[in-house]
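Structure at a glance
Residue strings, one per chain:
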Amino acid sequence: MRLKSTARFIRAAQCRWNSSISRSARQENQFLKDIQCRHSSTKPSALTIGNETYPTDSWTNIPDSILDALPRRLHLQPSHPISLTRRLIESRFQSPTYIHHNTLSPIVSVAQNFDSLGFPLDHPGRSRTDTYYINAATVLRTHTSAHQADTFALNASPGFLISADVYRRDAIDRSHYPVFHQMEGARMWDRRKVLGGDIAKAVWADLETLPTHSMQVSDPNPTIHPDRNPLQATHHTHEEAEALAAHLKRSIEAVVLEIFTQARLASLSTTPSAKSSSSSIATSEEPLQIRWIEAYFPFTSPSWELEVLWQGTWLEVLGCGIVQQTLPINAGVPDQVGWAFGLGLERIAMLLFGIPDIRLFWSKDERFLSQFGEPGRSLDHVEKRAGVSAAGGTIEGIRDWGIKRFVPFSKYPASPRDVAFWLPLTSSPTSSNPNPPFHENDVMEIIRDIGGDLVEDAQMLDDFVQKGTGRKSLCYRIVYRSLERTLRGEDVSDLHTKVGEELVRRLGVALR
Ligand code: DAH
């Protein structure tokens, strides 16, 4: 997890207080009945989630709307685009080399989520404004990397994939949601087991078995840069790092070409209305362009991000690198060396299926859910296309998954509303008080709590400091829009009034 992670897909949460739809949906879901606060006050002393009860403390900050998302596990719902995307990627990392873990619990320790990965104590990702805490020692995982150390310790296979729901407090817009899905991948080699102990040779030999492709890849930087992207000199030789980097990049490139080829095939066999959808990636005949850029993660070195050129902008698709050797050492497998990556499934699914708004993934509307079907079902035209990519490169072993692009069922009108307020005059956070007085994510969470999935976007319009008093004013524009119906003006006004009231009640602001 980085400070600026474009793979942050954050949600607008379900309305807790006024939505009969969300209430009846809750009743349908047995798991949700298990989620209850022991006490009905606003500060329960314990949280029961599934069969476990957790004490709460001053760090606890999980709203009910987030707890409601825990049992959804979209990555396991058959025919759901998130699940289909997972399966498509899994098909390129197969057993027995790679074991797939898809049911790991989202509740992890701070040690698993941060400490085991070398996150410094002052990393912003640890703050209560960014992360959902059950209590000071327990969080909802913010990334699938939280399971790396345990999976290394398990040492059940050379490689693994972990797909799971992850949770982050963040902004609200059409590509951000506080619950999203990631896939973690890793591939390790054991120094004691490779022939002659020569890791580099073993990795290069394995690379020979990977599919080749002819896609345009820009990779201008050296594998190792002493300042920007250092070698772990006490653990790896230059040759080993070169071999691991090459294996990592080739493995990932094969997946990317697979995804974009499927997207292209989907768009070729698509209806005109789906084709004109604004987030279509695959309708142009431009060859696919990707590039590797240098990156930083506390748990890899050297590290990279992969970007794909999409509608004229470079889009971050994943982060990866050579595993910091402290991880396998601390996991009790010091002879293992290798690489890891993490990607956001929503972003890829949005590109693959042409889905324009991240809230759609959470829809229970049949007009959405019935569109996608099972992959690999229509294989009748596979033979004709096998081995040839439609994405401007060729790759071995491609088949047509029969991905169907999303056909928008309707676009309902947007209702923008502004809310302006004065912030309270408070001091800065101190080490004894971990709660900063104001953070934009708190505003976002109140908007989500009240407006639920009816909020499409929330942006700060302006801010200024009043001369003399030093008081700060902020103004936010909230765009309300349902994905499923036209909202009545008075319903939007009621929601918006309630947002204002909650901003006053929870943050102590004064409305202007
Ligand atoms: N955990 C990172 C994130 O959420 C993604 C990531 C980067 C995972 C590099 C990795 C990796 O395994 O090696 O942004």
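Check the entry above for the structure.
Residues numbered from 1 in each chain as written. Predicted model: local features only at pLDDT ≥ 70, side-chain atom pairs only at ≥ 80, totals over all residues. Heavy atoms only, no water.

1. Considerations on the overall build of the protein
A count of helices and strands for the protein gives 15 helices and 18 strands. Scored against the burial criterion, the 512 residues of the protein give a buried share of 56%. Once local pairs closer than 6 in sequence are excluded, the contacts in the protein between residues at least 24 apart make up 73%. Accessible area of the protein: about 21500 Å², with a carbon and sulfur share of 52%. (Helix = DSSP H or I, 4+ residues; strand = E, 2+ residues; numbered from the N terminus. Buried < 20%, exposed > 50% of the residue type's maximum accessible area, 1.4 Å probe, protein only. Contact = heavy atoms within 4.5 Å. Areas by Shrake-Rupley, 256 points an atom, 1.4 Å probe, with all protein chains shown as cover.)

2. A look at the sheet that holds strand 11 (residues 289-297)
With respect to topology, eight strands assemble into an open sheet ordered 4-8-9-14-13-12-11-10, the strand pairing being mixed. Of all strands in the sheet, those bounded by a partner on one side alone are strand 4 (98-101) and strand 10 (216-218). Across the sheet, the axes of successive neighbouring strands diverge by a mean angle of 25°, strand direction being ignored. The sheet contact formed by strand 12 (residues 300-310) and strand 13 (residues 313-323) spans nine bridges and is antiparallel. Bridge assignment links Leu 309 to a residue of strand 13, and that residue is Trp 314. Contacts from helix 7 (residues 199-208) reach strand 9 (179-190) and strand 14 (336-344), with the element oriented near 120° to strand 9. (Pairing = 2+ DSSP bridges. Axes fitted to C-alpha atoms, helices over the stretch in contact; angles between N-to-C directions.)

3. Details of the site of the ligand
In the vicinity of the ligand, 16 residues are found, and the nearest of them are His 143, Ser 145, Arg 168, Gln 182 and Glu 184. In this structure, an oxygen atom belonging to the ligand sits 3.0 Å away from a side-chain N or O atom of Gln 148. Within the backbone of Phe 341, one N or O atom sits 3.3 Å away from an oxygen atom of the ligand. Burial of the ligand by the protein chains amounts to 97% of its free accessible area of 350 Å². Elements represented by at least two residues in the shell around the ligand include exactly strand 9, strand 13 and strand 14. (Near = heavy atom within 4 Å. Polar contact = N/O pair within 3.5 Å; in protein donor to acceptor, adjacent residues only side chain to side chain.)

4. Observations concerning the environment of Ser 482
Turning to its location among the elements, Ser 482 is positioned in the loop between strand 17 (472-480) and helix 15 (489-507). Setting aside anything within four residues of it in sequence, one finds Ser 482 in contact with Tyr 412, Leu 454 and Leu 487. Within the structure, Ser 482 has its side chain in polar contact with the backbone nitrogen of Glu 484 (distance 2.9 Å). Here the side chain of Ser 482 touches Arg 485 through a polar contact of 3.1 Å, landing on its backbone nitrogen.

5. Points about the packing of aromatic side chains
All chains considered together, the criterion is met by 15 aromatic pairs. Seen from their ring centres, Phe 353 and Phe 372 are 5.3 Å apart, and the 85° between their planes marks the pair as edge-to-face. Here Phe 372 lies in the loop between helix 12 (366-369) and helix 13 (382-385) and Phe 353 lies in helix 11 (residues 345-353), a separation of 19 residues in the sequence. Each member of the pair, Phe 353 as well as Phe 372, carries the same accessibility label: buried. An aromatic cluster is defined as three or more aromatic residues linked by ring pairs; in this entry it consists of Phe 353, Phe 368, Phe 372, Phe 406 and Phe 409. The ring of Trp 189 carries Arg 187 above its face, with NZ or CZ at 4.2 Å from the centroid. One cation-aromatic arrangement involves Arg 512 over Trp 422; the distance from NZ or CZ to the ring centre is 5.1 Å. (Phe/Tyr/Trp six-rings, centres within 6.5 Å; stacked < 30°, edge-to-face > 60°. Lys NZ or Arg CZ within 6 Å of the ring centre and 35° of its normal.)

6. Examining the pairing of strand 16 (residues 455-465)
Two strands pair when backbone bridges link them, and strand 16 and strand 17 are joined in this way by nine bridges, in the antiparallel orientation. Across the sheet, residue Met 460 finds its bridge partner in strand 17, namely Tyr 476. Counting the residues in the hairpin turn of strand 16 and strand 17 gives six residues, including Gly 468, whose phi is positive at 90°.

7. Digging into unusual backbone geometry
Across the junction of Ser 95 and Pro 96, the peptide omega takes the value 5°, indicating a cis bond. Relative to the helices and strands, Pro 96 is located in the loop between helix 4 (81-90) and strand 4. Residue Pro 302 is bonded to the preceding Ser 301 through a cis peptide linkage, with omega at -5°. Positive phi, close to 50°, is recorded for Asn 155, a residue that is not glycine. Its place among the elements puts Asn 155 in the loop between helix 6 (148-154) and strand 8 (159-167).

8. Comments concerning helix 4
Within helix 4, nine of the 10 residues are buried, which leaves it mostly tucked inside the rest of the structure. Buried within helix 4 are the following residues: Pro 81, Ile 82, Ser 83, Leu 84, Thr 85, Arg 86, Leu 88, Ile 89 and Glu 90.

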